[in-house]
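Here is what each chain is made of, one letter per residue.
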Amino acid sequence: MNSPSEMPAENAELPESETAFHHGIPMPMPLSPIATIPFRAEQLNGSCRCASLNRKALRKSLADSMNGDALYRMLTEERPHLCADVPVFVSQSDLDRQAEIIAALERVIALPAFREQVLSRAPLSAAHQTQATGVFLGYDFHLGTDGPRLIEINSNAGGALINAQLIRAQDTCCEVADHRQPGHPPITPPAPEAAFVEMFLSEWRAERGIQALRTIAIVDEQPEQQYLYPEFLLFKQLFEAHGLQAWILDPSALEYRDGGVWHQQTRIDLIYNRLTDFGLDEPQHAALRATYLAGAAVVTPHPRNHALYADKRNLILLSDDDYLRTLGVDSQTRAVLREGVAKTIAVASENAAALWAERKRLFFKPARGYGSKAAYRGDKLTKRVFEDILQNDYVAQSIVLPSERRLDSGDLKLDLRHYVYRGETQLVCARLYQGQTTNFRTPGGGFAQVVAIAE
């Protein structure tokens, strides 16, 4: 990473009288009104102290919705580390590269041979075919020294609608960043909420054609206790603003009967599934599982979506160039994935000794895990925990060190998330944190909006 004070070479010979300072970065006095300064994204992440999140604007935006004051308290006071005040700077070339990696992954995941292999080890519920593809895939990247690398794909990625709210409450950044407003085009298309509603309607139409969608249930275990419960409220309001009846429900509030799934006396058309029981295998989810397998309601995302995209064992295949060659994947796609996906291998007793010897270079993740639960950096690993890992279904991934965002309070790590539907990015955000994984517990951290920098 460049030093925050490092200047582009073309500015090295400027005399002191022709140099000004902004956020501690020396910058040349403009030679004309349209002169631009080619600051690098990492320089700005190291030196810019702009607080772009306008909390008054966020409160005003939420005030127009039902229970707006309560929502504001949930987002900013009860969850003080959910929303970062500062933007994150990313080079446009890195964003373009991430789009290439996503497109390459989508091409491979669409191959029948790849699908057959990953579905062969998936829960039985994933064998059920549905025309609904699954909302809100999350493609998560670290920005390594040699470019962006995908570290995982998550189904049912949370936070998209919260970030859409945060985008509307951003002030423009400083002149060094061309006074850009974080999160706005070209990062995120206008009106992401409209794109989200259209996505759910697309899922419905894929299954039901021209039949009208009337009722939606947002379903999770004890939803009011969930960290992202404010987002459930935002989705309920969004759906209702588009003429749909919407509920936030625990799975126990659903009943499968008479060929449909019911909440009390109302039949539910579509279920926005926020559960982390990805195969719908747990006994308390029997009604939802029966609903999905019978096609009694449109369930999105669903077990097949998780099996195809988010099972971390898939990354073993997607980062294996020899395997991709046997599938007939073209050389250009293989090159993109070879450089753009963190190398991942299976954890097994046969390679235990080698993994332990190389553990400091590895990150260990449960194959069907989520939210960094039970994930371990190898350099923090004890022998006892390693023995537990060997008894469970884990993968080991080459560590890709995240880039950083420097604040007055200290340096924070960052990753980038693309919210993707049918191969298209709907919104990009960053997440700032300390520790080994994203945790929303870091002062100054949380969801941050992205400013693209042309370099």
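Residues numbered from 1 in each chain as written. Predicted model: local features only at pLDDT ≥ 70, side-chain atom pairs only at ≥ 80, totals over all residues. Heavy atoms only, no water.

Caption draft 1: How the structure looks around the layout of surface pockets. Here the second largest pocket is characterised by a volume of approximately 520 Å³. In this structure, the second largest pocket is lined by 27 residues; those nearest its centre are Leu143, Gly144, Thr145, Asp146 and Ser403. Residue assignment for the lining of the second largest pocket shows that the elements contributing at least two residues are helix H1 (41-47), strand E3 (88-91), helix H4 (92-109), strand E4 (137-144), strand E5 (147-154) and strand E17 (403-407). (1 Å grid on protein atoms, 1.4 Å probe; cavity = no way out; pocket = protein on both sides within 12 Å on 5 of 7 lines; lining within 4 Å. Points joined across faces, edges and corners; volume = space filled by probe spheres on them. Helix = DSSP H or I, 4+ residues; strand = E, 2+ residues; numbered from the N terminus.)

Caption draft 2: Fine view of the sheet that holds strand E8 (residues 255-257). The strand order across the open sheet formed by three strands is E8-E9-E10, and the pairing between neighbours is antiparallel. With one partner strand each, in any of the chains shown, E8 and strand E10 (266-267) form the two edges of the open sheet. (Pairing = 2+ DSSP bridges.)

Caption draft 3: View of the packing of helix H6 (residues 160-167) against helix H7 (residues 192-208). Two elements in contact, H6 and H7, have axes whose closest approach is 9 Å; the angle formed by their N-to-C orientations is 155°. Considered as vectors, H6 and H7 are oriented roughly antiparallel to each other. Only Pro192, Glu193 and Phe196 of H7 make contact with H6, whose side of the interface consists of Ala160, Leu161, Ala164 and Gln165. Taken together, the residues of the contact of H6 with H7 sort by class into five nonpolar, one polar and one charged. (Axes fitted to C-alpha atoms, helices over the stretch in contact; angles between N-to-C directions. Parallel < 35°, antiparallel > 145°, perpendicular 65-115°, else oblique. Contact = heavy atoms within 4.5 Å. Nonpolar A, V, L, I, M, F, W, Y, C, P; charged D, E, K, R; others polar.)

Caption draft 4: Highlighting the sheet that holds strand E15 (residues 376-377). Reading across the sheet, the four strands line up as E13-E16-E14-E15 and stay open at both edges, with antiparallel pairing between neighbours. Single-partner strands in this sheet number two, and they are strand E13 (344-346) and E15. Where strand E14 (residues 362-366) meets E15, two bridges bridge the pair, whose relative direction is antiparallel. Bridge pairing in E15 links Phe364 to Tyr376.

Caption draft 5: Seen up close, the side chain of Thr333. When you line up the elements, Thr333 lands in helix H13 (residues 331-340). The contact partners of Thr333, leaving out residues within four places of it in the chain, are Ala104, Arg107 and Val108.

Caption draft 6: Layout of empty space enclosed by the protein. Here the structure, examined in full by the defined rule, presents one cavity of 30 Å³ or more. Empty space within the largest cavity amounts to approximately 50 Å³. If you go around the largest cavity, the residues you meet are Ser155, Asn156, Asn273, Leu275, Asp277, Phe278, Pro301, His302, Pro303 and His306. Of the residues contributing to the lining of the largest cavity, the split by class is four nonpolar, five polar and one charged.

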